[in-house]
Amino acid sequence: MITAKYKSLALLLMVMLLCGALWAQQPPSQNVALHQILSEPEVRSEATAPAEIKAKLAAIRAEIKQHNASYTVGYTPALAVPLEKLAGLKVPADVNDVTIQNVNRRAQELHEIDINSAAAAKFRLPVLACNAKAKSFDWRELSSHFPPVRTQCCGDCFDHAANEAFDDSYAIRNNREIETSVQYALDCFNAGTCAGGWYMPIFDHMISQGTAAESVVPTTCATEPCPNVAHPYRAVAWGFVGNSANIPPVAQIKEALCAHGPLATAVEADGPFQAYTSGVFDEHSQQFSGINHAITIIGWDDTKVGISSNRGAWLIKNSWGPGWGETGGYGTSKGYMWISYNTNNIGSHTAWVDAMNVGYILLPNWIKILEKYSFQVEPLPHVK
């Protein structure tokens, strides 16, 4: 007969084994090492690369040559990291057309309250000098407060994309640069872990609860208990581009980019994507199986040419550090990519977010709408 004492010991042993298994999946020390690799500012020397890296780059270059593509690759820091450690976007099965339409219905109501609140306060909202019909556009050229490229610690690309879109919106709407905490979102918003997740809960919490500054909750490269700190940065609304799970038309994404600022979106990252160093990334020569990585779209250029004279490319901002990608034709900082329209499922689940403007207080109906949609809402900060 098993006594209660032995039952307790057996249960304790099971918990210890389970915790050990979870810790072994991605211990903090591995995440710190990954962050250090991605933080390297330059492409690594291929002469000293492992044989498997040399073989991978040779195969990619052969594919580029065969299809007359116009991008280059190299031994980037990201190529030294297993793809599954970087590309952690996981869209839940219940995120379907109905979910997207419900989010957008709520977003429209909240957006209207924002417009009405500004009008009631006689506050002139900033005019976003972006023309969706222009041949090219780059948000960095209009915002002097555009945040720098971030560097992932683990598979939390979804977290970086959401915070990036919010920070960019805040810079545009408030003319001030901030850096919100990816660590706080990881620890407090139940959106995922270092093994992957989804950005929808992050946007929801930015609206209802707010988020913290990076300086208050810096990255630790491990999931931590949610800290009790100030989290004053709020979003006023967020929504998806389009009302279905299909990739929106290019024109519709451009319109959202002009109306709201940089957009969080999904893409299928692969080996060539990891190795990208310059040019127009285009893999239309192959089939795309899904999406696995989150980034932000910050601009476009209709004159860029990919495979078989495919014209037009998005300018995206990644979170794989300063040694990946190119400058995108502006400034000296790397971390950007030109990617041909619709290749690698770019544009899937594209979402916008509007940061709260600190120049006026929202009308009470804003909170009532959130409560109608079952949000637990923290009081609004009274800022002028």
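Cut-offs used in this document
- Residues numbered from 1 in each chain as written.
- Predicted model: local features only at pLDDT ≥ 70, side-chain atom pairs only at ≥ 80, totals over all residues.
- Heavy atoms only, no water.
- Salt bridge = Lys/Arg side-chain N within 4 Å of Asp/Glu carboxyl O.
- Buried < 20%, exposed > 50% of the residue type's maximum accessible area, 1.4 Å probe, protein only.
- Helix = DSSP H or I, 4+ residues; strand = E, 2+ residues; numbered from the N terminus.
- Contact = heavy atoms within 4.5 Å.
- 1 Å grid on protein atoms, 1.4 Å probe; cavity = no way out; pocket = protein on both sides within 12 Å on 5 of 7 lines; lining within 4 Å.
- Points joined across faces, edges and corners; volume = space filled by probe spheres on them.
- Nonpolar A, V, L, I, M, F, W, Y, C, P; charged D, E, K, R; others polar.
- Expected span 1.5 Å × (residues − 1).
- Axes fitted to C-alpha atoms, helices over the stretch in contact; angles between N-to-C directions.
- Parallel < 35°, antiparallel > 145°, perpendicular 65-115°, else oblique.
- Left-handed = near helix turned anticlockwise from the far one by under 90°.

S.K.: What is the right way to look at the pattern of salt bridges in this model?
M.R.: Close approach of charged atoms allows side chains of opposite charge to pair. Overall, the coordinates contain nine salt bridges when judged by the stated rule. In this structure, the salt-bridge partner of glutamate 40 is arginine 44, at a minimum N-O distance of 2.8 Å. For arginine 44, a relative accessible area of 25% corresponds to the partly exposed category. Between aspartate 138 and arginine 140 there is a salt bridge whose closest N-O contact spans 2.8 Å. Taking relative accessible area as the criterion, aspartate 138 reaches 6% and is therefore assigned buried.

S.K.: Explain the side chain of serine 208 to me, please; I cannot follow it from the model alone.
M.R.: Here serine 208 shows up in helix α8 (residues 200-208). Given a relative accessible area of 5%, serine 208 falls into the buried group. Not counting chain neighbours up to four residues away, the residues in contact with serine 208 comprise Arg234, Phe375, Gln376, Val377 and Glu378.

S.K.: What am I meant to see in empty space enclosed by the protein here?
M.R.: Summary: where empty space remains is shown by rolling a probe the size of a single water molecule over the atoms. Going through the model one piece at a time under the given rule, you end up with five cavities of 30 Å³ or more. Of the pockets and cavities examined, the largest cavity occupies roughly 60 Å³. Every residue lining the largest cavity is listed: Cys157, His160, Ala161, Glu164, Ala294, Ile295, Thr296, Lys317, Asn318 and Ser319. Among the elements of the structure, α6 (157-174) and β8 (293-305) are those that each provide at least two residues to the lining of the largest cavity. With four residues, the single largest contributor to the lining of the largest cavity is α6. Here the residues of the lining of the largest cavity sort into four nonpolar, four polar and two charged.

S.K.: Whenever I open this one, α6 confuses me. Can you help?
M.R.: Because each turn of an α-helix spans 3.6 residues, side chains separated by three or four positions in sequence point in the same direction. Taking 1.5 Å per residue as the helical rise, α6 with its 18 residues ought to reach 26 Å, and the 25 Å between its terminal C-alpha atoms agrees with that figure. Within α6, 18 of the 18 residues are buried, which leaves the element mostly enclosed by the surrounding structure. Once α6 finishes, asparagine 175 follows within two positions and takes phi at roughly 55 degrees, a positive value.

S.K.: How should I be thinking about the packing of α6 against α8 in this particular structure?
M.R.: Two packed helices can be described by the angle between their axes and the distance between those axes. Contact geometry for α6 and α8: axes closest at 9 Å, N-to-C directions at 40 degrees. Between α6 and α8, the angle falls in the class oblique. As α6 runs across α8, the sense of the crossing is right-handed. Contact residues: Phe158, Asp159, Ala162, Asn163 and Phe166 in α6; Ile202, Phe203 and Met206 in α8.

S.K.: Just to check I follow, could you spell out the environment of valine 32 for this structure?
M.R.: Position of valine 32 relative to the elements: it lies in helix α2 (residues 28-38). For the pair valine 32 and alanine 222, spaced 190 residues apart in the sequence, the C-alpha separation amounts to 8.6 Å.

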